[in-house]
Amino acid sequence: MHSTRYIIFFVLALTGVVALLLSLMSTGLKDIHDRNEAIYNKKAILSAIENSLETEVKSLSDMEIMEIFEQNIEQVVVDMKGQVVSGVLAEEIDMARERKKPESQRRLPVYIYNGNDGKIYIISVRGSGLWDEIWGSIALEDDLNTVAGAAFDHQGETPGLGAEIKDNPSFASQFIGKKLYEPDGDFASITVRKGGARDPLHEVDGISGATVTADGVTEMLERGIKYYQPYFETVK
Amino acid sequence: MAETAVQEPKVKTQEPLFGTKERKLLIDPLNENNPITVQVLGICSALAVTSLVYPSVVMAIAVIFVLAFSNLFTSLLRKSIPKQVRMIVQLVIIASLVTVVELTLKAVNFEVYKQLSVFIGLIITNCIIMGRLEAFAMANRPWRSFLDGIGNGLGYGAILIVVALFRELFGKGSLFAGSPLEMKIIGPSAEYWLNSTNGWLSWYQNNNLMVLSGAAMFIIGIIIWIHRSWNPKLVDVS
């Protein structure tokens, strides 16, 4: 049997050594981690405009992604009244944190892509799925009405059912060409319809077995896009 | 210190670095002492991460690393670890190795890190690791413990990958999705090797059950069945 003093000494020494090694490793790798995370987030934004980029975002190298962001993308942050907030980049906005704030104090990121066919506005939306949060990027053509692309992601939706909003590219690609507004200018949003889209302009097909996630997407789009309307007014 | 003295005779005989015993340590866990199909340990992660092959391969490598090195370090420290707190000390060793894996993966392949997310951290609770430390590394020399760790990790990884091959092929129609080796085998578009939109394969649909964790339970069950009928020695084990 070891003495109590030995046990205390042993445990303290072991945890000390381990803590030192791990913190050294963590600080040493922090730059690479931050860079990887930034590229991961940039890829998520770009996958909403995959259609307009004419290449698969998956096949782009890290350098190319940085390049597109530097040369073709303008980052804007707006407040709930549609005013541009200066001094902040869109990628510094953490949507998860903004969602916890009272509605009037939230800030919203806008990425403006200057492509060959004019500007594309990419906005971020966030809502709740069945198990946890879901979020997405919606790309709008410069009429701020026609959807140019969409990409969704989630925290913990069921694989094969709700997770299809991310995993199945044909779900997001349905959004291309849909309209946010009625011809008379009323906001209509886009609805994920269980059993198949009926309105060719404002509805997309749901995913069988994922009704709650699909309703979450509908709700997220309606609420999230509405937040941007004051900003859209100033741009139009 | 009486019990350690019994285990290690004072006259040390020269042992081969890679003799029959060492080979047995590596190969046994692949067959007669497989951690998943015979000991039925590590089932939680085997159910959770096996929906795609690529993350399963990464998970297998991570577990082999953690198992081999936690066995090694525990074995090196086995005489100085106070018996009263040995489990906590083992946990500290496992947890720090898992953190090393997590930090490395986050730097090397961020997408797989995101995919495996919580399951890398949960290697800490993988019963195989604690089991091997208690049953083997606390009573054996470092080199043998290291081999035992690699053997058990391989046994775990082999089952993981077999299960994932079935689940990804029948659930998603692809193999190695997300890696540079991605193969599209069967699915409803021209990108796939077997296009199921029309022709003789038009009846085919991906089996959504395969994507859910439950499918892994059926597959592991079937593997255990085949394993036992193939190796009659196992029938009496449990």
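(A) Here's a closer look at the interface of chain B and chain A. Listed as interface residues are 26 residues of chain B and, on the opposing side, 25 residues of chain A. Between chain B and chain A, a total of about 2,300 Å² is buried, with carbon and sulfur atoms accounting for 72% of that surface. Among the residues chain B hides against chain A, the three largest losses belong to B:Gln84, B:Leu103 and B:Phe110. Together they make up 22% of the total. The interface formed by chain B and chain A contains two salt bridges. The interface formed by chain B and chain A holds four residue pairs in polar contact (both at pLDDT 80 or more) in total. Of all the elements in the fold, those that place two or more residues in the side of chain B that touches chain A are helix H5 (86–108) and helix H6 (110–116) of chain B. The element contributing the most residues to the side of chain B that touches chain A is H5(B), with ten residues. The residue inventory of the side of chain B that touches chain A, partitioned by class, reads 13 nonpolar, six polar and seven charged.

(B) Representation of the environment of A:Asp31 in the model. For A:Asp31, the position within the fold is in helix H1 (residues 4–46). For A:Asp31 and A:Gly162, which are 131 residues apart along the polypeptide, the C-alpha to C-alpha distance reads 34 Å.

(C) Structural detail: the environment of A:Ile93. Residue and element names in this part refer to chain A. Mapping Ile 93 onto the fold places it in the loop between strand E2 (84–85) and helix H4 (95–98). Looking at Ile 93, the relative accessible area reads 10%, which means it is buried. Spatially, the C-alpha atom of Ile 93 lies 7.3 Å from that of Leu 108, the residues being 15 residues apart in sequence. In this structure, Ile 93 is in contact with Val 77, Val 88, Glu 98, Arg 107 and Pro 109, ignoring residues within four places of it in sequence.

Basis of the calculations
- Residues numbered from 1 in each chain as written.
- Chains lettered and ligands numbered in written order.
- Predicted model: local features only at pLDDT ≥ 70, side-chain atom pairs only at ≥ 80, totals over all residues.
- Heavy atoms only, no water.
- Contact = heavy atoms within 4.5 Å.
- Buried area = accessible area lost by both parts, 1.4 Å probe.
- Salt bridge = Lys/Arg side-chain N within 4 Å of Asp/Glu carboxyl O.
- Polar contact = N/O pair within 3.5 Å; in protein donor to acceptor, adjacent residues only side chain to side chain.
- Helix = DSSP H or I, 4+ residues; strand = E, 2+ residues; numbered from the N terminus.
- Nonpolar A, V, L, I, M, F, W, Y, C, P; charged D, E, K, R; others polar.
- Buried < 20%, exposed > 50% of the residue type's maximum accessible area, 1.4 Å probe, protein only.

Read these as spatial facts, not as claims about activity.
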